[in-house]
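If you want the building blocks of each chain, they are given just below.
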Protein chains: 2
Amino acid sequence: MKSTSQPRDRGIPEATVARLPLYLRALHGMAERGVATVSSEDLAGAAGVNSAKLRKDLSHLGSYGTRGVGYDVEYLVYQISRELGLTQDWAVAIVGVGNLGRALANYGGFVSRGFRVAALIDADPEVVGDTIAGLNVEHIDELEAVVKRRGVSIVVLATPAEAAQAVCDRVIAVGVTSILNFAPVVLSVPDTVDVRKVDLSIELQILAFHEQRKAGGPLMAVDSQ
Amino acid sequence: MKSTSQPRDRGIPEATVARLPLYLRALHGMAERGVATVSSEDLAGAAGVNSAKLRKDLSHLGSYGTRGVGYDVEYLVYQISRELGLTQDWAVAIVGVGNLGRALANYGGFVSRGFRVAALIDADPEVVGDTIAGLNVEHIDELEAVVKRRGVSIVVLATPAEAAQAVCDRVIAVGVTSILNFAPVVLSVPDTVDVRKVDLSIELQILAFHEQRKAGGPLMAVDSQ
DNA sequence: ATCCCTTTGTGAACCGATGCACAAAGTAGC
DNA sequence: GCTACTTTGTGCATCGGTTCACAAAGGGAT
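Chain A carries the name Redox-sensing transcriptional repressor Rex in an unreviewed UniProt entry, which gives Nonomuraea wenchangensis as its organism. As stated in UniProt under Subcellular location (unreviewed entry), the record for chain A gives "Cytoplasm". Annotation of chain A in UniProt includes, under Sequence similarities (unreviewed entry), the sentence "Belongs to the transcriptional regulatory Rex family."

K.L.:
Explanation requested: the environment of Phe182 of chain A in the structure shown.
P.N.:
Among the secondary structure elements, Phe182 of chain A is positioned in the loop between β9 (178-181) and β10 (194-197). Counting along the chain gives 25 residues from Phe182 of chain A to Leu157 of chain A, while the straight-line C-alpha distance between them is 5.8 Å. With sequence-adjacent residues up to four places away left out, Phe182 of chain A is seen in contact with Leu100, Leu104, Val156, Leu157, Ala158 and Val198 of chain A together with Tyr107 and Leu200 of chain B.

K.L.:
Looking at this structure, I do not really get the packing of helix α1 (residues 14-32) of chain A against helix α2 (residues 40-47) of chain A. What am I missing?
P.N.:
Packed helix pairs are characterised by how far apart their axes lie and by the angle those axes make with each other. Residue and element names in this part refer to chain A. Contact geometry of α1 with α2 gives a least axis separation of 9 Å together with a crossing angle of 110 degrees. Relative to α2, α1 is oriented roughly perpendicular. Between α1 and α2, the contacting residues are Leu22, Tyr23, Ala26, Leu27 and Met30 on the first element and Asp42, Leu43, Ala46 and Ala47 on the second. Within the contact of α1 with α2, the residues separate by chemical class into eight nonpolar, no polar and one charged.

K.L.:
How should the relation of the copies chain B and chain A be read in this particular structure?
P.N.:
Two chain copies here: they are related by a rotation about an axis and a translation along the same axis. The transformation that overlays chain B on chain A combines an axial shift of 0.0 Å with a rotation of 180 degrees, and the residual RMSD is 0.0 Å. A rotation of that kind, with that shift, is consistent with a two-fold axis. Of the residues that chain B buries at the interface, 100% are likewise interface residues in chain A, meaning the two copies contact each other through the same surface.

K.L.:
Looking at this model, I keep getting lost on the nonpolar core. Mind explaining?
P.N.:
The tendency in soluble globular proteins is for nonpolar side chains to be buried as a group. Among the nonpolar cores identified, the biggest contains 104 residues, and Ile80 of chain A together with Ile80 of chain B are the most heavily contacted of them. Filtering out sequence-adjacent residues up to four positions away, Ile80 of chain A remains in contact with Leu20, Tyr23, Leu24, Leu27, Leu58 and Leu61 of chain A.

K.L.:
How should I be thinking about the sheet that holds strand β5 (residues 115-122) of chain B in this particular structure?
P.N.:
Sheet strands line up and pair through hydrogen bonds in the backbone, either parallel or antiparallel. Residues and elements named next belong to chain B. Strand order in the open sheet formed by seven strands is β6-β7-β5-β4-β8-β9-β10, and the pairing between neighbours is mixed. Strands at the two margins of the open sheet, each flanked by one partner only, are β6 (131-132) and β10 (194-197). Bridge count between strand β8 (residues 154-157) and strand β9 (residues 178-181): four bridges; the pairing is parallel. Bridge pairing links Val156 to Leu180 in β9.

K.L.:
Honestly, the interface of chain B and chain A in this entry has me stumped. Any pointers?
P.N.:
Taken together, the contact between chain B and chain A spans 69 residues of the former and 69 residues of the latter. Per-residue buried area on chain B facing chain A is highest for Arg25, Leu204 and Leu207 of chain B; these three make up 11% of the total on that side. Put simply, chain B and chain A have eight salt bridges between them. In this structure, the salt-bridge partner of Lys214 of chain B is Asp194 of chain A, at a minimum N-O distance of 3.5 Å. Joining chain B to chain A, the criterion identifies 23 residue pairs in polar contact (both at pLDDT 80 or more). When grouped by side-chain class, the residues that make up the side of chain B that touches chain A number 35 nonpolar, 19 polar and 15 charged.

Conventions and cut-offs
Residues numbered from 1 in each chain as written. Chains lettered and ligands numbered in written order. Predicted model: local features only at pLDDT ≥ 70, side-chain atom pairs only at ≥ 80, totals over all residues. Heavy atoms only, no water. UniProt positions renumbered as here; feature names shortened; annotations may be inferred. Helix = DSSP H or I, 4+ residues; strand = E, 2+ residues; numbered from the N terminus. Contact = heavy atoms within 4.5 Å. Axes fitted to C-alpha atoms, helices over the stretch in contact; angles between N-to-C directions. Parallel < 35°, antiparallel > 145°, perpendicular 65-115°, else oblique. Nonpolar A, V, L, I, M, F, W, Y, C, P; charged D, E, K, R; others polar. Least-squares fit on C-alpha atoms with pLDDT ≥ 70 in both. Core = buried A, V, L, I, M, F, W, Y, C linked by side-chain atoms within 4.5 Å. Buried < 20%, exposed > 50% of the residue type's maximum accessible area, 1.4 Å probe, protein only. Pairing = 2+ DSSP bridges. Buried area = accessible area lost by both parts, 1.4 Å probe. Salt bridge = Lys/Arg side-chain N within 4 Å of Asp/Glu carboxyl O. Polar contact = N/O pair within 3.5 Å; in protein donor to acceptor, adjacent residues only side chain to side chain.

The structure is reproduced here in structure tokens:
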């Protein structure tokens, strides 16, 4: 079993996986502009990475380039899509239909290729029954039933921090193993479950740290010693 | 110059900086519950990290713990806040007041300690003049003036993808060096500028990748060879 | 068919981050 | 003061990821 017919390794580095969507987006843009073939140099430029890194990333999927020529755009789009699992359709449920949940439901670009918002769920009787982005908001009591009925496999948590862990536990109990968490809490889950976290406040704090450094560091104003 | 009085090293590892906000949040929770002192083990548990990592992270700020006892919660909150630059007040402008921008403006928890939404800016005459979260939405033509007048130092981009680079260039031209980008594009900026990216679609794709792996991998359905 | 040019795929050095494991430093009890 | 116990701070081995640099592979021209 050498790198002739089955070069695709089961273990793709996590860092590579995180960049594949970036390459895919750049490639989609190129495909729309009618570009047929692209070099690692150009694609790397479009994705904002180093070309050696790009080549190594792609080499983890297989040998899809042609030396002296580059990569076929359409073919590469297909291969990356398949590797990421975007050739199938993922049903996503958004739990928590506050400002953020609403924005996510309406954000077209977000749920694009491969993903479909299949359910909106909230606890507030005030919003249950509303129609948002063409979907009926259902009550949290229906959570388990809705997840099962619609074949939801990815849950987006946009609840208040206090509610997140409880909702998390419930969706895991019905078999969901992929969660995108917007609530500012550390979820505790079994390690069979994947949680990705998006935390706006943390991103701002990291920016503030660097901004402060540029301005002279934390000692400047205080001069503690 | 040893580690007695000036232990604070100018170079805090990036990975550490990214975790400090997490520790800070856990500590705030503890402070509210009246906890006076915490061990690395307990704090690490609350933040979801390994205790050795936590201790090493904190050691980059200085020697703020007491052996045999732990860390003083209040004191550590102060030290981390100071290191992150949260003892000062950062004026944030949100550009793009669509669904997402609106959600961000209203999201109280997001702009919490140390941050203040100082301006909302949009190009659509339909929304310019509206009041959202107590703020008047201003026209994009006023961008430079508003940024200067309000002392904005961090800009949040919540525009459509097509507009993001242009807005980015403009705010950089007025001196902004910290940008939080929600638009699904790779911004090109001088390397004096910090850009952090939040991309919902990428997060979903990473989840899909792992979800597919759990289900048997991309070969299962296709069996290409 | 041969030579030259382009671009891929990857071996190897390097770099930063992680986690173990333990000495150093402190508290508490006698 | 001395001993036993707790918990920090860190040296060290390790690991994953990045980057360089180049040999291998292909295309095109003569």
